[in-house]
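The residues making up each chain are set out below.
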Amino acid sequence: MSAHEPAADPPPAASPAGTATTAPKPEEPGERRSFGQLLRQSVTEGNSFTVTVLAIFAALVVGGLINAFTNTTVLHAWSNLFSDPGHAFGQAWDTATGAYVALFEGSVFNPHTVAALFQQASISAAVHDGYLSAVFGPLSETCVQATPLILAGLAVALPYQAGLFNIGGQGQFIGGAIVATFLGYAVSLPPVIHVIVCVLGGFVGGAAIGWIPGELKARTGAHEVIVTIMLNYIMAYFLSYLLAYHYLMQAPGTVNPITRAIAGNAHLPQLFGSHLRINAGFLLALACALAVWWLLSRTTVGFEFRAIGKNPNASRVAGINVERNWVLVMLIAGGLAGLAGAAVIQGTDFTLNDQSFGTYGIDAITVALLGLGRPLGVVLAGLLFGALHAGAPLMQAATSTPVDMVEVLQAVVVLMVAAPPLVRAIFRLRGGGGSLLVLAKGWNG
Amino acid sequence: MELELKGITKRFGSLLANHQIDLTVAPGQVHALLGENGAGKSTLMNVLYGLLQPDEGEILINGQAVSFASPRDAIAAGIGMVHQHFMLVPVFTVAENVTLGIEETGLAERDGAPSYLRFLAGALKLAGVLDRRRTRRDVRELSRRYGLDIDPDVMVENLPVGIQQRVEIVKALVRNAKVLILDEPTAVLTPAETEDLFRIIRQLKDGGTSIVFISHKLREVQAIADTITVLRRGAVAGDKPPTATEDELAAMMVGRNVQLRVSKTEAKPGPAVLDVDGLTVADETGRVWVNEMSFQVRAGEILGVAGVQGNGQTELCEALMGLRPTIAGTVSLNGRDLTRATPAQRLRAGVSYVPEDRQEDGLIGAFSVADNMVLDQYKQPPFASGIRLNLDAIAANAATRVKEFDVRTTSAQTPVGTLSGGNQQKVILARELGHEHKVLIASQPTRGLDVGSIEFVHRRIVEQRDRGVAVLIVSAELDEIYALADRIAVMYEGRITGFRPPTVPAEELGRLMAGGTEEAPGPGPEAATTEAAPEAGIPGASQ
């Protein structure tokens, strides 16, 4: 019984008669506003895109402040604030911006590499010696880092559209990585086919782990958040177990928890030569994002996913099998996270160890959150976080800012995105109102 | 206390929700505010209650201009409001809910108490210990004075809706309300509860309290009001005395003449289409809601199921749609057994369903009008080929249906949740009548709708009957049953207590709705012609 009359219910839409004289004028759908007006409105009213961009900006500011005021040189300069105020502010500014410049150079573009390129005698020499590659190295590294983040982020975003919260990216990643690695070293296949078999194996391995929480929820109502979290532990220990015995997956002749290297035929092809790590895994991630977008917006399957995500009751009444869709969406999501595992093993690592899964499963949640649960958003968020990861080592080397600063940036971005009112308050945006309307709702509404 | 609103104007962006509204509420009067959904009634009352600030105009109390920055100010000025959706804490007792926000601490002072007791009371007051006894006494006192019949110690969640409403009234009275605003108070009540509410309103009126009664139901307004102000599209359309006819009021409300009772010809029933035999339905806890129900709906007739809400009607409809498992009995459509069919199979077999709760079960509020119009057909051509959705076909379908059913929406891409109730119901009807169907099941098809929309929905339903569709209407509104049904089945505690023709007097239906049984129970149209049974049976319906 939420059929109450909202205070702002448009009167014209409600009245069947078209003859009233005192009627307030409704907004004509035909009235076109210029792009500039729309842009200004969307910025001032703080829609989700604006909020996200501002959240990133705010995070950079906060990160810069933290960075500046934890640096000993800066603190020393501040102790002489009154004798030399310019120095204090200058030091703080330099430290904050220096770190970001290094971060940028490590992840997007480094001017020094261009200078080095032009000092080479000839183009062919430059290419051969890897100077050209050095120019594109940072971008390549960003894409490499973004690949698993995008794939695992999609594994969170897709079920999110269907009203499920997949925390199990890590377990599904491990499932995919195990199968892809095993197929990579244990079987021998011709070049292209081997890659495809391993990638498909990664999908299946992840899908199997994703299927479990889906099926349990459909059959017993077990909450997917609990089950996926528990499966993360189970899979992490299962991986340790597999890597503890030579007759399982541990590489022969070693005491370390690591597998043999996968066959060269199973490597994802590198896109721009051997100097750049960027590989077909990145294209796979983009293709998957496109596929998820297509699935959600252009197919009956996606229609059902979105329907059960928005209103499971009405979906059931409309003849949609909600439970079956829960299973299906978790299956596909698990597969996507499994592909992230396959992409890491086949693209860059080539062996599986007990730390291979890193923090991808958790980062995926932040990527999906920042990406607003949409495929394109996940790609952009994945690239952003990929860039942060890619640039961090250079930042640490060049400015001795700890790589943990990247974690701080990520955390602040997510904090801001998760609390839009905070961003609206900081930047004094309008919109997001309706707090009064909330008052008009009761618990039995 | 005399309350006067002068030239109240309230805008939401470009939308004028209230325009130059003047309203005077005399002391000790029931002043009805009549208007369709979205006419600006709730906005006006939210302005009066301090929830919204007017853009223009002023509020006068006893001739003095006042301004309310928040409900707190309005309450202090003696204005109380009972919202359509109650603001109670379900796990608190009645007394706790009543005191919420105005908690008295310490013990009530009693004359002649020894000084050490008074010292103790003061200490408790400082420590913030609640004085429960005092509020319980207040609630009991008010309950007795106005015949509210409320026990202050009962947990609110255990109370029926009608009593919860009285708790809201007591909350306002305890805060010394002199003007009580009731926002659509009867929307959630059974006919009997409505009668009780009216009795309470009259008692409050005699006690000097003014009542602002907001409603879109003509008959109720006529029954209770001393003065009626009609709002239309955010402005005052006029004032009427309660002696005005329903037609006059309806015309003023809608802005044109409306037909309150849809005209229909004699039914020409064909063979039975929907056959329900011994249907028994229980919920998860094992409670039986539908108990061995048997009935048939024939092609070209409307069977109206009357009954007080909560007697298994919801469960009956859900079981008929396959949303609830059947324990025993069969459901068949043109001889085809559908007892174990899924909702999707039933829809494809030719059952159209208009659910009782349109926002919860009928629509996906965040989806566009166009998407909602194919919500149970998106898999079939032309809307899909394989798994691919044909967005053009969905848009084209929406364009025709929006026009055909006169859905007022800015575009077919507008989220359906932003539409008014009447337009939402039109979207559901457009969808359900749009696909191939032999049976139409409609549960409370006009609940919460305004007069104009009710007329529209009723016309469409009768139109379906005339096309040879077997129609099953479930409604708690006797007016609706009388307006539509060719045959009436009365439901009480999961059973049919009798079939009657639409000419049956309301008292007879009321008796059956309260559980009165027939002497010779015999389901089917033949039973409807037998004469009235004696006053046997179980007395006392639900509250």
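Residues numbered from 1 in each chain as written. Chains lettered and ligands numbered in written order. Predicted model: local features only at pLDDT ≥ 70, side-chain atom pairs only at ≥ 80, totals over all residues. Heavy atoms only, no water.

Caption draft 1: Spatial organisation of the pairing of strand S14 (residues 326–333) of chain B. Residue and element names in this part refer to chain B. Both strand S11 (residues 272–282) and S14 contribute to a ladder of six bridges, which runs antiparallel. Along S14, the bridge assignment pairs Asp275 with Ser332. Relative to strand S15 (residues 336–337), S14 runs antiparallel, the two sharing two bridges. Bridging from a neighbouring strand, Leu333 pairs with Arg336 of S15. Linking two consecutive strands that pair antiparallel, namely S14 and S15, is a turn of two residues; a positive phi of about 50° is found at Asn334 within it. (Pairing = 2+ DSSP bridges. Helix = DSSP H or I, 4+ residues; strand = E, 2+ residues; numbered from the N terminus.)

Caption draft 2: Fine view of the sheet that holds strand S6 (residues 79–82) of chain B. Residue and element names in this part refer to chain B. The six strands are arranged S6-S7-S8-S3-S9-S10 in an open sheet whose pairing can be described as mixed. Only two strands of the sheet have a single neighbouring strand rather than two, namely S6 and strand S10 (235–240). Sheet twist, expressed as the average angle between the axes of neighbouring strands with direction ignored, equals 20°. Note that strand S3 (residues 30–35) and strand S8 (residues 210–215) share five bridges and pair parallel. Within S8, the position partnered with His31 by the bridge is Val212. Helix-sheet contacts for helix H1 (residues 41–48) involve S3, S6, strand S7 (179–183), S8 and strand S9 (227–232), and the interaxial angle to S3 is about 135°. This element, helix H9 (residues 246–254), spans S3, S9 and S10 of the sheet and lies at about 35° to S9. (Axes fitted to C-alpha atoms, helices over the stretch in contact; angles between N-to-C directions. Contact = heavy atoms within 4.5 Å.)

Caption draft 3: Quick peek at the pairing of strand S21 (residues 487–492) of chain B. All names here are of chain B. Burial runs high along S21: six of the six residues are buried. Across four bridges, the pairing between strand S13 (residues 302–306) and S21 is parallel. Along S21, the bridge assignment pairs Leu303 with Arg487. As defined by bridge partners, S21 adjoins strand S22 (residues 495–500) across five bridges and the pair is classed as antiparallel. Pairing of Ile488 across the sheet is with Arg500, part of S22. (Buried < 20%, exposed > 50% of the residue type's maximum accessible area, 1.4 Å probe, protein only.)

Caption draft 4: Quick look at the state of the cysteines. All names here are of chain A. In this structure the tally under the stated criterion is zero disulfides over all chains. Cys288 supplies the cysteine sulfur nearest to Cys143, a cysteine that is in no disulfide, at a spacing of 16 Å. The class for Cys143 is buried, based on a relative accessible area of 13%. (Disulfide = S-S within 2.5 Å.)

Caption draft 5: How the structure looks around the confidence of the model for chain A. Residue and element names in this part refer to chain A. Of all residues in chain A, 86% attain a pLDDT of 70 or more, and the chain-wide mean is 84. Looking at the elements of chain A, mean pLDDT is at its lowest for helix H20 (residues 435–439), recorded as 29, and at its highest for helix H15 (residues 322–349), recorded as 97. Segment residues 432–445 is flagged for pLDDT under 50; beyond a separation of four residues in sequence, or across chains, it makes 24 contacts in the model. (pLDDT = per-residue confidence, 0-100.)

Caption draft 6: A look at the sheet that holds strand S2 (residues 15–25) of chain B. All names here are of chain B. An order of S2-S1-S4-S5 is seen for the four strands of this open sheet, with the pairing classed as antiparallel. The open sheet has two free edges, formed respectively by S2 and strand S5 (64–66), since each of these has just one partner strand. With strand direction ignored, the average angle separating the axes of adjacent strands in the sheet is 30°. Where strand S1 (residues 3–12) meets S2, seven bridges bridge the pair, whose relative direction is antiparallel. Bridge assignment links Phe12 to a residue of S2, and that residue is Leu15. This element, H1, spans S1, S2 and strand S4 (56–61) of the sheet and lies at about 115° to S1.

Caption draft 7: Inspection of the packing of aromatic side chains at higher detail. Going through the model one piece at a time under the given rule, you end up with eight aromatic pairs over all chains. Aromatic pair B:Phe405 and B:Phe456: ring centres 6.3 Å apart, planes at 65°, arrangement edge-to-face. Linking B:Phe405 in the loop between helix H14 (391–404) and helix H15 (421–434) with B:Phe456 in helix H16 (residues 451–466), this pair joins segments that are 51 residues apart in sequence. With respect to class, B:Phe405 is no different from B:Phe456; both count as buried. A connected cluster of aromatic rings, assembled from ring pairs, spans A:Tyr241, A:Tyr245 and A:Tyr247. Positioned above the aromatic ring of B:Trp289, the side-chain terminus of B:Arg287 is 4.0 Å from the ring centre. (Phe/Tyr/Trp six-rings, centres within 6.5 Å; stacked < 30°, edge-to-face > 60°. Lys NZ or Arg CZ within 6 Å of the ring centre and 35° of its normal.)

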